[in-house]
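Single-letter residue listing:
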Amino acid sequence: MVRLEGQNAIELRNITKRFGSVVANDRICLSLKRGQILSLLGENGSGKTTLMNMLAGIYLPDEGEILADGKPITIRSPKDAFDHKIGMIHQHYKLVEVFTATQNIILGLKAKGGLNLAEANRKVQEICDRYGFEIDLKKKVYDMSVSEKQTVEIVKVLYRGADILILDEPTAVLTPQETDKLFAVMRNMKADGKALVIITHKLNEVMAISDEVAVLRKGKYIGTVKTAETSPQALTDMMVGHAVTLNIDRPQADELKKRLKIGNLTVKDKEGVKKLDDVSFEAFGGEILGVAGVAGSGQKELLEAIAGLQKLEHGSSILYIAPDGREQELYNLTPLDIIKKGILLSFVPEDRFGMGLVGGMNITDNIRLRTYRDGKLMLSDFAESKALAEKIVTDLEVVTPDINRTPLRRLSGGNVQKVLVGREISFNPTILMTAYAVRGLDINTSYAIYNLLTAQKMRGAAVIYVGEDLDVLLELCDRILVLCGGKVSGVVDAKNATKEEIGLLMTTVGGGKEATNEA
Amino acid sequence: MKHEANTPLIRLAKRDAMSGGAIWAIRVGSIVLSLLIGCLVILITGNNPFKAYGVMIQGSLGGKVYLQQTIKIAIPLLGCALAIAPCFKMRFWNIGAEGQITAGALGATLIARLLDGKLPSLPLLLLMCLAAIVAGGIWGLIPAFFKAKWNSNETLFTLMMNYIIIGVVGWLQNGPWEARQGRMAQFSKDATLPKVLGIHCGWIIVLVLVLLMFFYMRYTKQGFEIAVIGDSKNTASYAGMKVGYVMMRTMFLSGAICGITGFIILSGANGTLASNIANGVGFTAITVAWLSQLNPFAMIVISMMLAILTKGADTLQTQMNVPASLSNIIIGLLLFCMLGCEFFINFKMIFRSRKTEKEVDAK
Amino acid sequence: MTGFINGLILLIVAAISYGTPLMFGTLGEILTEKSGNLNLGVEGIMFMGGAFGLGGVFYYEKLVGENANGVVAILVAILAAFIAGAFASLIFSFLTTTLRANQNVTGLALSIFGTGVGQFTGELMRVKAGGYVTISNGLKVFFSNTPFPKALTDIPYVGQLLFGHSVFFYLGLLLAIGMHLYLNKTRSGMFLKAVGENPATADAAGINVARNKYAATIIGGGISAIGGMIYITSIASCVWNHEGLAGVGWLAVALVIFCLWRPLSTIWGSILFGALMIMYLRFPLPFIPTDIYKILPYVVTIAVLILTSLRNNKDKQPPASLGLPYFREER
């Protein structure tokens, strides 16, 4: 078969995918053309990865059809995807640490004869040379940088003969220089007639690399435009859409009191990459400070740093101002120190079962995580946690078969989150931090959570709300801090700001203009 | 992922809570199954299996003396299983109980050698017990320290620790502390645990430990911390628990209880120290703890069950000339069946059929 | 001086003879652990191998009488031991891989079961044979003597060192080299290592994780069991001796760590451990008591364990998923 450039390699028609009651993809149409790079643009949770996972054989669509070279196909497994020459590079790499690049690339492939690593090296090197990958094939994965690991994943897919490559947010973990290199090899692959899809929410990259841009918003397909005929502003409008009125109450507190002063906060990860870079801001009792940013911009590290769960770089400062005016520096305090100093700091982490709750324990035991130290002598607390658990279950309408028996893991996501939030607000915190508090929850539970947060604000707590839905951030919060690549990109007044403004700040530090910073 | 095209013939799904009755039916069923396989082994020896089982029951429970001897076998198993429970709850795979028992016995012996005859019986025994606690605890603490500090593999570390202390005792037994022909001197009556109802009072100690351990795991702050760390170390840190410290503390406790067990064997049953004082109890007790789902009361039942098999097989050897190692075979079979049966309690198998496919689609 | 050298040669020869059962036990466990399975039942497996291996030769000789052929007898012993060990490891694999039981507990259960079966079989054979199980001296020499001609072994010094060992030592050498080549130079060996390192990645790459785990554990168990047979047939001179065999399996587990999961290292590692096992007989040093000699292997193993975790050299670590369960749903 002659494969002309610009011909449709893959066509998606009316693809719909549901997870429970949530529609992740709603009748999406898309075509991938040979010799082209398509950007799949959208906010977090807009359904980009879900859509591509259906091409990679991870999910099967509920409705709609996939055509390869004009013929309908069914992709049931990653192996099927490979048979159709589709390869996807996921965000989480699947590599064997003690193996070399080549060993990882040929892993699982059957071939005649014994294992000839020299021959395999040569073959892999051929691919690398053809597209301009720079990598030492004999290097072990544990010695590799994230960027090198990514290269191995891409070469692995190419080695298996993929003609259609899907890269899921490949630049999220790369430095600008590494990003440039990646784009160079992507252009080489394009010139070789491959069809490429890059999932991203960074507008400058979209403009730089792609031929066409397809935009998704909240699971819906918005449209496809040619990159040459569009602008970042127009794309932002497509991505965030018109502001939707949610009717979240936003009462004003009588007075604002400074509760937290963050100065020059810097955090590095295990590899020494800065996850937070010189972050400074203040949070006030009586307001909800929203934190916006694309995924992985440092939101998680910011909240964990304040909670004492991250190692801070020298010079960082977290100053806590108690209601009685007493000041306390939290730099290098452990969570236990924070508790012992009587600091009323609450934290609803993103990963509910990985941190924050114990999935195998019942509701009362999970409440006890906060109260067990209040018991007398050696004894764990029982009366307090029991009363509190009952109160939370009643007040927040948590549905559970048995408050003292059923492990949390068996409850629905909404009920689990109610337990977590309920516990964290139960002891009237001075500072309440939440990370993606409504992720995966239905509308009613989400509103219940918004109301709880607002009630805390009106009580005088400083609420920090890390969120992903800009509409919610704009209506719920008083101010919004925008993070971009671990830096504070700007702080805007939520009452006057627009989605476009925030969208721009999320993708470029400073957003091109000075952001207003008012308290 | 629910839509794998080539759905395997049998799919597994985690079961929701099974009714208590069904769980026990499966467990009892697995015990019966293991005894039936044991029948085959007995048949090989040319004996009547039912008669053999009869002899075993008779020899372990059918008389006051027999029962006392059976309980004597169960005591250290129970004590040691109790010691292992908190570590396993914390997902710290302590398989060094054998060595911690030996270390405890060594500590107690040291005191007995120094103070026997100089102190009245009660303070002497208390001091011996204390020394056993400290010695066993330290022997448990060492691997925990390296685990907490550098994340050394605790399974292999604790395993190696066993043989070191056993070797040290062997050296003392054959060298500096030798009394005659590779044996140490028997303790005086002062350094021996008194008997209650015909059995050394170790049985009271371990029963008290059952209550204490139940209470500790369920009602204390430390027990709570252990349970949280076992489920999620991140959540534990989030809640302000010091994971490394709790690990070391728990291992000290575990080693200490093993030490007490060692003291009981030493002072109650053997009356002297020897390098084989633990005699496999530390390993067998791990299976006791696991099969009891770390529940102290269930440990009483399981350890008695294994003791009955052990004592019964001894009787079988003397009466029917069947090697006593039959008990280890049947205990092994019992463990296999009970380990395997947990699978059927936790998972249900879904056979491929049209109905289940629809069920999945509906989700 | 000659006396010293002769003594040294005797020591090395004895160390090799005691190290050979260990070498097999260790090689088997290395293969098992490379698949991510920590089978702590080696002690039981070696007991079973010892009893069934001995049983195999005994009944073979009983069957053919004076026509018994030494080579066939060795093959029968190897086969019987291998089958016993493979069967024991099959139980382990079934429980841990298919029924998802905890590896530590299952391994210990296998230890109890295997020592029971080995002991029971050994005793039962003794009882049935009327008190004494052994094989004729003519057959025994095939198990303990060198397969090389006298001309070679008589070469001064090196003759004994190079050619003076039992046939099993040379088989062990071949096995160690073979396993090294398999793990490092073949595709299937690479896949097996991937399973032990990162089963999720191996699974995603289309490697059958369960099949690899089963195969490595069963074959590994069979190899370990041969070690038990070698102990009984060569060191214990074909008499069931559970006291001698006791602890060899655990020493093999220690040697796996000491050798850092490398088959080739088992060659010198097993000789070293063998030397430590018998040094107190050959080189009694007044200031080191016998029992302290015996714990040296464990002390150095702990030192190795600590050093590897301290230095964090990625190439000298246990297989990354060792002892951990893998089930696809939890991806």
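None of these values were measured; they are calculated from a predicted model.

Conventions used here
- Residues numbered from 1 in each chain as written.
- Chains lettered and ligands numbered in written order.
- Predicted model: local features only at pLDDT ≥ 70, side-chain atom pairs only at ≥ 80, totals over all residues.
- Heavy atoms only, no water.
- Contact = heavy atoms within 4.5 Å.
- Buried area = accessible area lost by both parts, 1.4 Å probe.
- Salt bridge = Lys/Arg side-chain N within 4 Å of Asp/Glu carboxyl O.
- Helix = DSSP H or I, 4+ residues; strand = E, 2+ residues; numbered from the N terminus.
- Nonpolar A, V, L, I, M, F, W, Y, C, P; charged D, E, K, R; others polar.
- Domains from an automatic or database assignment.
- Polar contact = N/O pair within 3.5 Å; in protein donor to acceptor, adjacent residues only side chain to side chain.
- Pairing = 2+ DSSP bridges.
- Buried < 20%, exposed > 50% of the residue type's maximum accessible area, 1.4 Å probe, protein only.
- Right-handed = clockwise from strand over helix to strand, strands pointing away.
- pLDDT = per-residue confidence, 0-100.
- Axes fitted to C-alpha atoms, helices over the stretch in contact; angles between N-to-C directions.
- Phe/Tyr/Trp six-rings, centres within 6.5 Å; stacked < 30°, edge-to-face > 60°.
- Lys NZ or Arg CZ within 6 Å of the ring centre and 35° of its normal.

Caption draft 1: Seen up close, the interface of chain C and chain B. Counting residues at the interface gives 46 residues for chain C, matched by 50 residues for chain B. Here chain C and chain B share an interface that buries about 4200 Å² over both sides, 80% of which is from carbon and sulfur atoms. Contact with chain B buries area across many residues of chain C, yet Val105, Ile112 and Phe120 of chain C alone supply 15% of it, more than any other trio. Where chain C meets chain B, there are 0 salt bridges. Secondary-structure elements contributing two or more residues to the side of chain C that touches chain B are helix 3 (70-98), helix 4 (103-128), helix 13 (248-258) and helix 15 (290-311) of chain C. Looking at the side of chain C that touches chain B, the element that brings in the most residues is helix 4 of chain C, giving 17 residues. Of the residues in the side of chain C that touches chain B, the class split is 30 nonpolar, 9 polar and 7 charged.

Caption draft 2: Expanded view of the domain arrangement of chain A. Residues and elements named next belong to chain A. If you check the domain split of chain A, you get domain 1 (8-240) and domain 2 (257-344 + 471-519). Here domain 1 and domain 2 have C-alpha centroids that lie 33 Å from each other. Contacts between the two partners involve 9 residues from domain 1, matched on the other side by 9 residues from domain 2. Note on domain 1 versus domain 2: buried area summed over both sides is about 920 Å², and carbon and sulfur give 58% of it. At the boundary of domain 1 with domain 2, the tally comes to 1 salt bridge. Between Lys218 and Asp471 there is a salt bridge, with the nearest N and O atoms lying 3.1 Å from each other. Ranked by the residues each element gives to the side of domain 1 that touches domain 2, the list is headed by helix 8 (residues 232-240), at 4 residues.

Caption draft 3: Just the interface of chain B and chain A, in detail. Opposite the 28 residues of chain B that make contact, chain A presents 35 residues. Each partner contributes to the roughly 2500 Å² buried at the junction of chain B and chain A, and carbon and sulfur atoms together form 63% of this total. The largest contributions to the chain B side of the interface with chain A come from Lys221, Phe224 and Tyr238 of chain B, which together make up 31% of the buried area. Put simply, chain B and chain A have 1 salt bridge between them. As a salt-bridge pair, Asp231 of chain B and Arg409 of chain A come within 3.7 Å of each other at their nearest N and O atoms. Summed over the shared surface of chain B and chain A, the result is 16 residue pairs in polar contact (both at pLDDT 80 or more). Breaking the side of chain B that touches chain A down by element, the ones donating at least two residues are helix 7 (202-219), helix 8 (221-231) and helix 9 (233-238) of chain B.

Caption draft 4: Focus on the pairing of strand 4 (residues 63-68) of chain A. Residues and elements named next belong to chain A. Here strand 1 (residues 8-19) runs beside strand 4; their pairing, made up of 5 bridges, is antiparallel. Bridge pairing in strand 4 links Arg13 to Glu65. Pairing analysis gives 3 bridges linking strand 4 to strand 5 (residues 71-73), with the strands arranged antiparallel. In the sheet register, Ile66 faces strand 5, and the bridge partner there is Ile73.

Caption draft 5: Layout of the pairing of strand 7 (residues 164-168) of chain A. Residues and elements named next belong to chain A. Within strand 7, 5 of the 5 residues are buried, which leaves the element mostly enclosed by the surrounding structure. Alternating residues of strand 7 divide into Ile164, Ile166 and Asp168 and Leu165 and Leu167, and every residue in both groups is buried. Alignment of strand 6 (residues 86-89) against strand 7, held across 4 bridges, turns out to be parallel. Considered in strand 7, the bridge of Ile89 is made with Leu167. Strand direction decides the pairing type here: strand 7 and strand 8 (residues 195-200), joined by 5 bridges, are parallel. The residue bridging Ile164 from the neighbouring strand is Ala195, located in strand 8. Handedness of the β-α-β unit built from strand 7, helix 6 (residues 176-191) and strand 8 comes out right-handed.

Caption draft 6: Up close: the side chain of Glu287 of chain A. All names here are of chain A. Within the secondary structure layout, Glu287 lies in strand 13 (residues 287-292). A relative accessible area of 2% means that Glu287 is categorised as buried. Polar side-chain contacts of Glu287 include one of 2.8 Å to the side chain of Arg479.

Caption draft 7: The confidence of the model for chain A, seen in detail. Per-residue confidence for chain A averages 86 on the pLDDT scale, and 95% of its residues sit at or above 70. Element-level pLDDT for chain A is lowest in helix 8 of chain A, with a mean of 80, against a maximum mean of 94 in strand 18 (residues 462-466) of chain A.

Caption draft 8: Examining the sheet that holds strand 13 of chain A more closely. Residues and elements named next belong to chain A. The mixed open sheet is built from 6 strands, whose spatial order is 16-17-18-13-19-20. Taken across any chain shown, the strands that pair with only one partner, and hence form the sheet edges, are strand 16 (345-348) and strand 20 (487-493). Strand after strand, the sheet turns through a mean of 15° between neighbouring axes, direction not considered. Sheet analysis places strand 19 (residues 479-484) next to strand 20, joined by 6 bridges and oriented antiparallel. Counted as the bridge partner of Cys484 is Lys487 from strand 20. Together, strand 16 and strand 17 (431-435) form the strand contacts of helix 13 (residues 413-425), whose direction differs from that of strand 16 by roughly 170°. Contacting strand 13, strand 19 and strand 20, helix 16 (residues 499-507) runs over the sheet at an angle of about 30° to strand 19.

Caption draft 9: Geometry of the packing of aromatic side chains. Considering all chains together, one arrives at 27 aromatic pairs over all chains under this definition. Relative to Phe146 of chain B, the ring of Phe145 of chain B lies with its centre 5.3 Å away and its plane at 85°, an arrangement referred to as edge-to-face. You can call Phe146 of chain B buried: its relative accessible area is 15%. Aromatic side chains Phe169 of chain C and Tyr170 of chain C sit 5.5 Å apart centroid to centroid with 70° between the ring planes, which places their arrangement in the edge-to-face category. By relative accessible area, Phe169 of chain C is classed as buried at 8%. A relative accessible area of 14% places Tyr170 of chain C in the buried class. Members of the aromatic cluster, joined through ring pairs, are Phe145, Phe146, Trp150 and Phe157 of chain B. Arg409 of chain A extends its terminal NZ or CZ atom over the ring of Phe353 of chain A, reaching a point 5.3 Å from the ring centre. For Arg27 of chain B, the ring lying beneath its charged end belongs to Trp24 of chain B, and the centroid distance is 5.2 Å.

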